[in-house]
Amino acid sequence: MKELWIELQLKAIDQISLFQMNIVSKIISSYLNNKSLYIGEKVTMTEHMIQTAMLAEKAKCSSNLICSSLLHDYGHFILENPDVLVNEMKNGKHEEVGFNFLKKYFIKEVLGPIKYHVKAKRYLARNDKYFCLLSKASKVSLKLQGGIMDKKEAKQFEKNEFFEEAVKLRKFDEAAKKFGLKVKPINKYRNLLISKLI
């Protein structure tokens, strides 16, 4: 009886491991196969997200935030045509799309900054210096995302559990648009992704 229980437990573990490998492989495949340019920029969405993760690594951030940085715009992979949405002046809410997909698989410490990185952009844009750093495409999307936060919204956002990490992520996000920069292969992040699964 005890041997049967152990055997069943091992089979369950094998199934979980296979499921984990499958979702990580699916995510990595999205990065490898999507060659679309990041909306209005000169880098691909894949290059942009990997550059964001590399900046988080360079800043010696936690592994959770590095993973958030890598996945922060994953919603753009899910949206059928984000460029069309922008051209039609519509907000695709990529942060929510990405969060709703990823929440089935990843821990909340990875998910939080992803969910709130657009709010962090709206928060940071209150500062004139930061606003001027935004690319032309980023300024267009800012309007579609609700524009600059007012004081009341900002105060409320500062109380958010993921406020600090979301702000850090958003700063890396804006800086991660370097054309021609050699990025790490996405497969280098496979173990990180696996380590952050639920």
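Here is what the cut-offs are and how they apply
Residues numbered from 1 in each chain as written. Predicted model: local features only at pLDDT ≥ 70, side-chain atom pairs only at ≥ 80, totals over all residues. Heavy atoms only, no water. Axes fitted to C-alpha atoms, helices over the stretch in contact; angles between N-to-C directions. Helix = DSSP H or I, 4+ residues; strand = E, 2+ residues; numbered from the N terminus. Parallel < 35°, antiparallel > 145°, perpendicular 65-115°, else oblique. Contact = heavy atoms within 4.5 Å. Nonpolar A, V, L, I, M, F, W, Y, C, P; charged D, E, K, R; others polar. pLDDT = per-residue confidence, 0-100. Phe/Tyr/Trp six-rings, centres within 6.5 Å; stacked < 30°, edge-to-face > 60°. Buried < 20%, exposed > 50% of the residue type's maximum accessible area, 1.4 Å probe, protein only. Lys NZ or Arg CZ within 6 Å of the ring centre and 35° of its normal.

Some remarks on the packing of helix 7 (residues 108-124) against helix 11 (residues 163-175)
Then, in step 1: Between helix 7 and helix 11, the least distance of the axes is 7 Å, while the angle of their chain directions is 75°. Relative to helix 11, the element helix 7 is oriented roughly perpendicular. Here Pro 113, Ile 114, Tyr 116, His 117, Ala 120, Lys 121, Tyr 123 and Leu 124 of helix 7 come into contact with helix 11, specifically with Phe 163, Glu 165, Ala 166, Val 167, Leu 169, Arg 170, Lys 171 and Asp 173.
Then, in step 2: Residues of the contact of helix 7 with helix 11, tallied by class, amount to 10 nonpolar, one polar and five charged.

Examining the confidence of the model for the protein chain
Then, in step 1: When pLDDT is averaged along the protein chain, the result is 88; 84% of the residues meet or exceed 70.
Then, in step 2: A low-confidence stretch, residues 4-14 stays under pLDDT 50, and its non-local contacts, those more than four residues away or across chains, total zero contacts.

Overview of the packing of aromatic side chains
Then, in step 1: The final tally for this structure, using the stated rule, is eight aromatic pairs.
Then, in step 2: On the numbers, 5.4 Å between centres and 85° between planes, the contact of Tyr 74 with Phe 77 is edge-to-face. Within this pair, Tyr 74 and its partner Phe 77 are both found in helix 4 (residues 74-78), separated by three residues, close to a single helical turn.
Then, in step 3: Note on Tyr 74: relative accessible area 3%, which makes it buried.
Then, in step 4: Phe 77 sits in the buried class, given a relative accessible area of 15%.
Then, in step 5: Connected via pairs of aromatic rings, a cluster forms that spans Tyr 31, Tyr 74, Phe 77, Phe 101 and Tyr 105.
Then, in step 6: Geometry around Tyr 123 places Arg 126 over its ring, the cationic atom sitting 4.9 Å from the centre.

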